[in-house]
Amino acid sequence: VRVEGDYRYELGEMGSTLNYMAEEIVRSNQIKDDFISSISHELRTPLTSIKGWSETLDSGGYDPDETRIGMGIISKETERLIGLVEELLDFSKLQQNEMKLTMAHVELKELLKEIVLNVWAKAELKKVQLRLDADGDSFPVYGDANRLKQVFLNIVDNAIKFSHESSVIVLHVVREDGWVRTAVQDSGIGIDEENLKRVKDRFFQVNTQGGGTGLGLAITQQLVELHEGELNMTSELGVGTTVSVKLPLLEEESKSREEISGEK
Ligand code: ADP
């Protein structure tokens, strides 16, 4: 959409509404342009590396160690591309209301233990410690296990990415009046008040240098909402961030119904 010339005319209040709408259109166009440029960059970086290494290895004469390193990089970068494309596909499915959930009884504490194991190596690289602090043993929810894993992986991934070396990330889980609340608390770089308001918007990143698409939290929030839950973030610049996810607690009676599963 191109907005040119003087669109304000002499329309009084309506003029200022039009003015506001036009500015919003210009702003959202700018956000999309920035997104296309950042996603192109995100796609090009791994492709360049894959191309470089495959050409190098193809030219021959490398010892097994060098070949292994090259193959490892090709495989890691390919994984990164697959992750990016999956993120784009998920985003588009959510936008079009086409995300299907396979619902079943999920034990959240077990799922969080898996998440911790999953990101262990990444956390080790940064000497970041992960602690699961569960107030009890049983936190049953009704949800799509894979999508819930995606929700918590994204939150914990961000917590590691924006943590300082040798800090601690705590995953608190508590039952709260019919809800299970999980809070992922880091003591990383934090987010200032202005940026915190926009951080869950699609495409938004505080700083584009760390890579990513700015879609992670937008997808995460929508997945939580599809589970009839809530996602909230609190943060203080230089102090740290806490992302909490509330999901409806699966009551004992419904849990003991014959094995619940199905599509939502
Ligand atoms: P991306 O997929 O690019 O990481 P997200 O939607 O997951 O995008 O996050 C958007 C932005 O929110 C990040 O680029 C970062 O600036 C900020 N952010 C998210 N989580 C944290 C955190 N735990 N600490 C500090 N900043 C964060």
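Structural data are supplied above this passage.
The sections below set out a description of the structure shown in this document.

Basis of the calculations
Residues numbered from 1 in each chain as written. Predicted model: local features only at pLDDT ≥ 70, side-chain atom pairs only at ≥ 80, totals over all residues. Heavy atoms only, no water. Near = heavy atom within 4 Å. Polar contact = N/O pair within 3.5 Å; in protein donor to acceptor, adjacent residues only side chain to side chain. Areas by Shrake-Rupley, 256 points an atom, 1.4 Å probe, with all protein chains shown as cover. Helix = DSSP H or I, 4+ residues; strand = E, 2+ residues; numbered from the N terminus. Nonpolar A, V, L, I, M, F, W, Y, C, P; charged D, E, K, R; others polar. Buried < 20%, exposed > 50% of the residue type's maximum accessible area, 1.4 Å probe, protein only. Lys, Arg positive; Asp, Glu negative; His and termini not counted. Salt bridge = Lys/Arg side-chain N within 4 Å of Asp/Glu carboxyl O. Contact = heavy atoms within 4.5 Å. Pairing = 2+ DSSP bridges. Axes fitted to C-alpha atoms, helices over the stretch in contact; angles between N-to-C directions. Core = buried A, V, L, I, M, F, W, Y, C linked by side-chain atoms within 4.5 Å.

## Notes on the site of the ligand
- Close to the ligand lie 18 residues; Asn158, Asp186, Gln205, Gly214 and Leu217 are nearest.
- Taking Val206, its main chain carries an N or O atom lying 3.2 Å from an oxygen atom of the ligand.
- At a separation of 2.8 Å, an oxygen atom of the ligand approaches a polar backbone atom of Gly214.
- Within the complex, 96% of the 540 Å² of free accessible area of the ligand lies under protein.
- Counting only elements with at least two residues in the shell around the ligand, the list comes to α4 (145–161) and α6 (216–226).
- Per-element tally for the shell around the ligand: the top contributor is α4, with three residues.
- The residue inventory of the shell around the ligand, partitioned by class, reads eight nonpolar, eight polar and two charged.

## Here we look at the side chain of Glu42
- Inspection of the secondary structure puts Glu42 in helix α1 (residues 12–58).
- Despite its burial, Glu42 pairs with no opposite charge; the closest candidate is Arg80, at 4.4 Å N-O.
- The residues contacting Glu42, other than those within four sequence positions of it, are Arg80, Leu84, Gly211 and Gly212.

## Looking at the sheet that holds strand β5 (residues 179–186)
- The strand order across the open sheet built from five strands is β2-β4-β5-β7-β6, with neighbouring strands paired in mixed fashion. A strand with exactly one partner marks an edge of an open sheet, and here the two such strands are β2 (129–134) and β6 (230–236). Each strand axis lies, on average, 15° off the axis of its neighbour in the sheet, ignoring direction.
- Relative to strand β7 (residues 240–248), β6 runs antiparallel, the two sharing seven bridges. From the neighbouring strand, Ser235 faces β7, where its bridge partner is Thr241.
- The sheet strands contacting helix α3 (residues 108–125) are β2, β4 (168–176), β5 and β7, and the helix crosses β2 at an angle near 170°.
- Where α6 meets the sheet, its contacts fall on β6 and β7, and the angle it forms with β6 comes to roughly 140°.

## Thoughts on the nonpolar core
- Membership of the largest hydrophobic core comes to 47 residues, with the highest contact counts inside it found for Leu108, Leu130, Phe152, Val156, Ile169, Leu171 and Val245.
- Residues within four places of Val245 in sequence aside, it is in contact with Val151, Phe152, Ile155, Val180, Arg181, Thr182, Val224, Glu230 and Leu231.

## Some words on the pattern of salt bridges
- What the rule picks out here adds up to 11 salt bridges.
- The salt bridge involving Asp137 is made with Lys109; its shortest N-O contact spans 2.9 Å. Within this pair, whereas Asp137 is found in the loop between β2 and β3 (140–143), its partner Lys109 is found in helix α3, the two being separated by 28 residues in sequence.
- For Asp137, a relative accessible area of 62% puts it in the exposed group.

## Quick word on the environment of Val116
- Along the chain, the position of Val116 falls in helix α3.
- Along the primary structure Val116 and Val156 are separated by 40 residues, whereas in three dimensions their C-alpha atoms are 8.5 Å apart.
- Setting aside chain neighbours within four positions, we find Val116 in contact with Leu130 and Leu171.

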